[in-house]
Amino acid sequence: NPQQPRSRKSQAQGTGFVIDEKEGFIVTNNHVVEKSEKIEVIIDGKTFSAKLIGTDPHTDVGLVKINDFKKGDIQEIKFADSDKIKVGSFAIAIGNPFGLSNSVTFGIISAKGRSGMRVTDYEDFIQTDAAINPGNSGGPLLNIEGEVIGMNTAILSQSGGYMGIGLAVPANMVKDIKTTLVDFVHYM
């Protein structure tokens, strides 16, 4: 009695953050949404259907949009100029590690301009020791004022869990990629 192959749907989980509360734009990592058939965004316990607007695999940035929200349902996060961050400054990582929503970790900026990690094609990462684990991908890395300085993207780990080295795409790069993706969609 041969076994029939079973199709299996995989479920990716990650984090994102609102960057335009009027239009409903949310950024996350490309690797969180790139092969998605269906995207759901949960904000403050409310579930929204989302549409993939575009991705940039070279920087691991993805952009999604929700439409079925009311004013006040979502709030965008203010961006800082990531070129001005300093090594030794405080960093706060927010995410959904291992499905534990609204997790916050605290650390410092360990380095800027990290490359050669073989994570993405174009690398200019912020390195932090704020705990970043699977599920934190796409979440914001904040400065002490609560402004976005980066987007949590990867960890360097031998175990698959936190080992003190997290990497984030700088906020200025995230803003540039978002603008490019939105402009491309409007051009189409």
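Residues numbered from 1 in each chain as written. Predicted model: local features only at pLDDT ≥ 70, side-chain atom pairs only at ≥ 80, totals over all residues. Heavy atoms only, no water.

**Focus: the overall build of the protein chain**
Helices and strands together make up the secondary structure of the protein chain, namely 2 helices and 11 strands. Helices and strands appear in the protein chain in the N-to-C order β-β-α-β-β-β-β-β-β-β-β-β-α. Looking at the protein chain residue by residue over its 188 residues, the buried ones come to 47%. Taking as baseline every contact in the protein chain between residues at least 6 positions apart, the subset at least 24 positions apart corresponds to 59%. (Helix = DSSP H or I, 4+ residues; strand = E, 2+ residues; numbered from the N terminus. Buried < 20%, exposed > 50% of the residue type's maximum accessible area, 1.4 Å probe, protein only. Contact = heavy atoms within 4.5 Å.)

**Re the sheet that holds strand β2 (residues 25–29)**
An order of β1-β2-β5-β4-β3 is seen for the 5 strands of this open sheet, with the pairing classed as antiparallel. The sheet is open, and its two borders are formed by β1 (17–20) and β3 (39–43), each paired with just one other strand. Here the average twist between neighbouring strands, direction ignored, is 45°. Pairing analysis gives 3 bridges linking β1 to β2, with the strands arranged antiparallel. Bridging across to β2, D20 finds its partner in F25. (Pairing = 2+ DSSP bridges. Axes fitted to C-alpha atoms, helices over the stretch in contact; angles between N-to-C directions.)

**Structural notes on the nonpolar core**
Counting 22 residues, the largest nonpolar core has F17, I19, V27, L63 and F79 as its most contacted members. When contributions to this core are tallied by element, the ones reaching two or more residues are β1, β2, β5 (61–66), β10 (148–155), β11 (166–170) and α2 (171–187). When near neighbours in sequence (up to four residues on either side) are disregarded, F17 contacts F25, I26, V27, I77, F79, G138, G139, P140, V148 and M151. (Core = buried A, V, L, I, M, F, W, Y, C linked by side-chain atoms within 4.5 Å.)

**Considering the pairing of strand β7 (residues 103–114)**
As judged from the 6 bridges shared by strand β6 (residues 90–95) and β7, these two strands associate in the antiparallel manner. For F90, the partnering residue across the bridge sits in β7 and is I108. Where β7 and strand β8 (residues 125–128) come together, 3 bridges link them in antiparallel fashion. Residue pairing for β8: R114 is matched across the bridge by F125.

**Thoughts on the sheet that holds β6**
Reading around the barrel, the 6 strands line up as β6-β7-β8-β11-β10-β9 and close back on themselves, with antiparallel pairing between neighbours. Strand after strand, the sheet turns through a mean of 45° between neighbouring axes, direction not considered. Pairing between strand β9 (residues 140–142) and β10: 3 bridges, direction antiparallel. Of the residues in β10, the one forming a bridge with L142 is V148.

**Regarding the pattern of salt bridges**
Summed over all chains, the structure comprises 4 salt bridges. The salt bridge involving E23 is made with K65; its shortest N-O contact spans 4.0 Å. A residue pair is termed long-range when its members are at least 10 positions apart, and E23 in the loop between β1 and β2 and K65 in strand β5 qualify at 42 residues. Of the residues examined, K65 reaches a relative accessible area of 17% and is grouped as buried. With its nearest N and O atoms 3.5 Å apart, the salt bridge here joins K78 to E147. Note that K78 is positioned in the loop between β5 and β6 and E147 in the loop between β9 and β10, a separation of 69 residues in sequence. (Salt bridge = Lys/Arg side-chain N within 4 Å of Asp/Glu carboxyl O.)

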